[in-house]
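Below are the chains, spelled out letter by letter.
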Amino acid sequence: MNHGSATASTPSTPTQFPYPGIATSTDGAGAVTWVETNITQGACAYPITSSTTMGTGYQTEVSNGKQNLWGDTITFVQPESEHSAASTCEGFALAGGRVTNFTSGQGLVLMKEVLYTISGKRLPVVFHIGARALTSHSLNVHCGHDDVMSVADCGWGILFGRNAQEAGDLALICRRAAEASDTPFMNVQDGFLTTHTIENVRLPETAFMKEYMGDPNQKLRCLFDPRNALMSGVVQNQDSYMKGKIAQRGYYDRVPAAVEEAMEVFYQNTGRRYRMVDTYLMDDAEFALVGMGGMMETAQAAVDYLRSKYGVKVGVVHVTCFAPFPATQLVAALKNVRAFTVIERMDNPLAQSNPLVQAIKASFADALIGLHYGSSGQTSYPEVHRLPRIYSCSAGLGSRDIRAGHFIAITRNMQSEQPREFSVVGIKHELALPDAEDPDIRPEGAFSMRGHSVGGFGSVTTNKLIASFVGELFNLYVQAYPKYGSEKKGLPTTYYLTVAHDHVRSHSELDHVEFIPLNDVNAFNLGNPLAGIAPEGSVFIQSPHTNPEQVWAEIPEFGRKIIRTKKLRVYYLDTVKIAREIATDPDLQQRMQGVVLVGIFIKVTPFAARSGMNEETVLGAVEKYIRKYFGKRGEHVVQENLACVKQGLKDVREVPSEIITSTNQPREMVRGETLVFAK
């Protein structure tokens, strides 16, 4: 079964459902912000990286005086810590308000004490988590699932999205299920990956959200009504506490049905299908890859490759709903395979197994001996007479890249005569699986860009800008995949963009590309920035030179050889000079040199030429998104950015082919009067 939301972000408009969504491009944080600023009455948050963009997005709308769909002016409360933010959400919900929060990593762990009281008081809040690795041997602000697993025992529902579309849709599904079952929920997306990756998205229409969610003023209970005084969170001794705690099971037994109802009603209105357990190519699968989050879309593309090239019958299982745990659904999905591997973005060596694989093993044990699921055994497991081999793998910790080759290695491990029962991928270690081939799993005909720049040059924002206007203007799928790092300012960094006619499922760094912009020619001194470029691809080089022979001379010999062998086209321009001449604010000069690349992209890549659109039409779309990203800085900043784009489009030059193919060797790295030889 193909997951409905995997195709929900199609550029064409589906017509068979009443609310197909508003086509646009945004990241997971933007999709969540759209939903929450329309359906909630307030947010109480102390945002922590990587959830910060959700909090700032919400706060921006508060500053603009936004009202929700029922006319309430939304509010934002930022106390002194994440613990206090959770407590403020508790009070907001006790007073009958629909409230949200955005957090991550240590911030989520700091809330843990309050998370128990929120669930114990049956408060249907929704917290949005940018899942992040917890600080242990070192600090890491990137993706891991150990923060969510550290609070998985607090009595909250937990849903995992794989992409920006799912992050926004599950925000609504979480909220409806929470309010139907009086149970708080967490909506989880991969921090700095899903939260910050620009993709095609269909935002839920305001009319649908209003209908789907209902007026919080009419729907929610106010437990702080002075006319009906009530004390909550009282002290209970031996005679009372256990009765109240076990009574909670009556609420929790309703949660699975509430999640399924919310998903079904969502599908009937939008056409985007969600299930607690999502399966892909499992009908005939002999092996399976199981996990949560964005890496499981990469797994789908890897499985397609394994089936088409090697005939391996392997499928993918994504656990969308971790809590309530879909025990019977997972057994049904996996009982017929020979073996499966559970891949998790965390590692807990002292436990019997990592959390997801441990829960799946327990589910199979219950099924094998004929037990039932639920407080009263209300749900039967599928009949099971044998256990598949169940393996465990840790991958992607701290946003370590997870590639198609890793899923191929995991599959080969299951096929081997002596498979590793626990393994890791992506690093060099005695527990690591041997590397497998790393195929190109992009959609057929995809066009990708890998940029080499310097942190602080504005390249990541430029990449988002390009993705936004390309997706909308040319009716294509896009994915702008960033590589963030707090230490990157002033240091080398990379960024990635893919444009295709189909949904881009690979959530990984790009080794197969058609265009490589080098914002800093020093990238040649740090390795091979041209690795993986396709034959007849294009390279852009930031250069202060106007003479193409000088530009060619500054490329080291190994780079020139690649360019000649692959018949690459080489473009150049002094973006630094353009930014310096146009930007009136010295602080923006450095970032505006990145914006010049937008114009270069339009000129160098095939999309504008294929569309037949004139420059005016293309620049009109660019201006729309320049206003989106820079409008808050004022009209003069918008116009200066637009001028940079136009200058890049008009002035970029190409090194003539006769210079590239000439047998005369150029002088190496000429700088002024000094002759410097490339390394």
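Structure shown above.
Since we're looking at a predicted model, the values are computed, not measured.

So, on to the overall build of the chain. The secondary structure content of the chain amounts to 25 helices and 26 strands. The C-alpha atoms of the chain give a radius of gyration of 26 Å, which matches the 26 Å a tight globule of 679 residues would have. Structurally, the chain occupies a C-alpha span of about 90 × 65 × 50 Å along its principal axes. Counting over 679 residues, the chain shows a buried share of 59%. Put simply, 78% of the contacts in the chain that link residues at least 6 apart link residues at least 24 apart. By element, 51% of the accessible surface of the chain is carried by carbon and sulfur atoms, the whole surface being about 27700 Å².

Under the criterion given, the structure shown has five cavities of 30 Å³ or more. Taken as a whole, the largest cavity holds about 110 Å³ of empty space. If you go around the largest cavity, you meet 13 residues; those closest to its centre are Arg403, Pro439, Ile441, Ser508 and His512. Classifying every residue of the lining of the largest cavity by side-chain character gives four nonpolar, three polar and six charged.

With mixed pairing, the nine strands of this open sheet are ordered in space as 1-8-19-20-18-21-22-23-24. Two strands close off the open sheet at either side, each with one partner strand: strand 1 (22–26) and strand 24 (653–654).

On to the nonpolar core, then. Counting residues in hydrophobic clusters, the biggest one holds 53 residues, and the most contacted among them are Phe127, Leu334, Phe340 and Ile360. Look past the residues within four positions of Leu334 in its chain and what remains in contact with it is Met282, Ala288, Val290, Val317, Phe340, Ile360, Phe364 and Pro388. Within the second largest apolar cluster, 51 residues are counted, among which are Met449, Phe540, Leu588 and Val637.

This paragraph deals with the pattern of salt bridges. Scanning all chains against the criterion turns up 33 salt bridges. For Arg403, the salt bridge identified is with Asp438, shortest N-O distance 2.5 Å. One end of the pair, Arg403, is in the loop between strand 16 (389–394) and helix 16 (404–415); the other, Asp438, is in the loop between strand 17 (422–424) and strand 18 (447–454), and 35 residues separate them in sequence. We classify Arg403 as buried; its relative accessible area is 13%. Asp438 gets classed as partly exposed once you look at its relative accessible area, which sits at 27%. In this structure, Arg564 and Glu557 form a salt bridge, with 3.0 Å as the shortest nitrogen-oxygen distance. Counted as one network, the salt bridges with shared partners bring together Asp401, Arg403, Asp438 and Asp511.

A few words now on a nonpolar patch on the surface. Judged by side-chain polarity, Leu368, Ile369, Leu371 and Leu387 come together as a nonpolar surface patch covering roughly 370 Å² of accessible area. In this structure, Leu368 sits in helix 15 (residues 355–368). Look at Leu368 and you get partly exposed, because its relative accessible area is 37%.

Moving on, we get to unusual backbone geometry. Note the cis peptide between Thr49 and Ser50, where omega equals 10°. Position of Ser50 among the secondary structure elements: in the loop between strand 2 (42–44) and helix 2 (52–63). A cis amide bond links Ala323 with the next residue in sequence, Pro324, at an omega value of 5°. Its place among the elements puts Pro324 in the loop between strand 12 (321–323) and helix 14 (327–334). Phi at Phe192 takes a positive value of approximately 65°, unusual for a residue other than glycine. Relative to the helices and strands, Phe192 resides in the loop between strand 7 (185–190) and strand 8 (198–203). We note that Asn475 has phi near 55°; this positive angle belongs to a residue other than glycine. As for its position among the elements, Asn475 is in the loop between helix 17 (459–473) and strand 19 (477–481). Residue Asn475 is classed as partly exposed on the basis of its relative accessible area, which comes to 46%.

Calculation rules
- Residues numbered from 1 in each chain as written.
- Predicted model: local features only at pLDDT ≥ 70, side-chain atom pairs only at ≥ 80, totals over all residues.
- Heavy atoms only, no water.
- Helix = DSSP H or I, 4+ residues; strand = E, 2+ residues; numbered from the N terminus.
- Rg over C-alpha atoms; globule rule 2.2 N^0.38 Å.
- Buried < 20%, exposed > 50% of the residue type's maximum accessible area, 1.4 Å probe, protein only.
- Contact = heavy atoms within 4.5 Å.
- Areas by Shrake-Rupley, 256 points an atom, 1.4 Å probe, with all protein chains shown as cover.
- 1 Å grid on protein atoms, 1.4 Å probe; cavity = no way out; pocket = protein on both sides within 12 Å on 5 of 7 lines; lining within 4 Å.
- Points joined across faces, edges and corners; volume = space filled by probe spheres on them.
- Nonpolar A, V, L, I, M, F, W, Y, C, P; charged D, E, K, R; others polar.
- Pairing = 2+ DSSP bridges.
- Core = buried A, V, L, I, M, F, W, Y, C linked by side-chain atoms within 4.5 Å.
- Salt bridge = Lys/Arg side-chain N within 4 Å of Asp/Glu carboxyl O.
- Patch = residues over 30% accessible without salt bridge, like charges linked within 9 Å, V, L, I, M, F, W, Y side chains within 5 Å.

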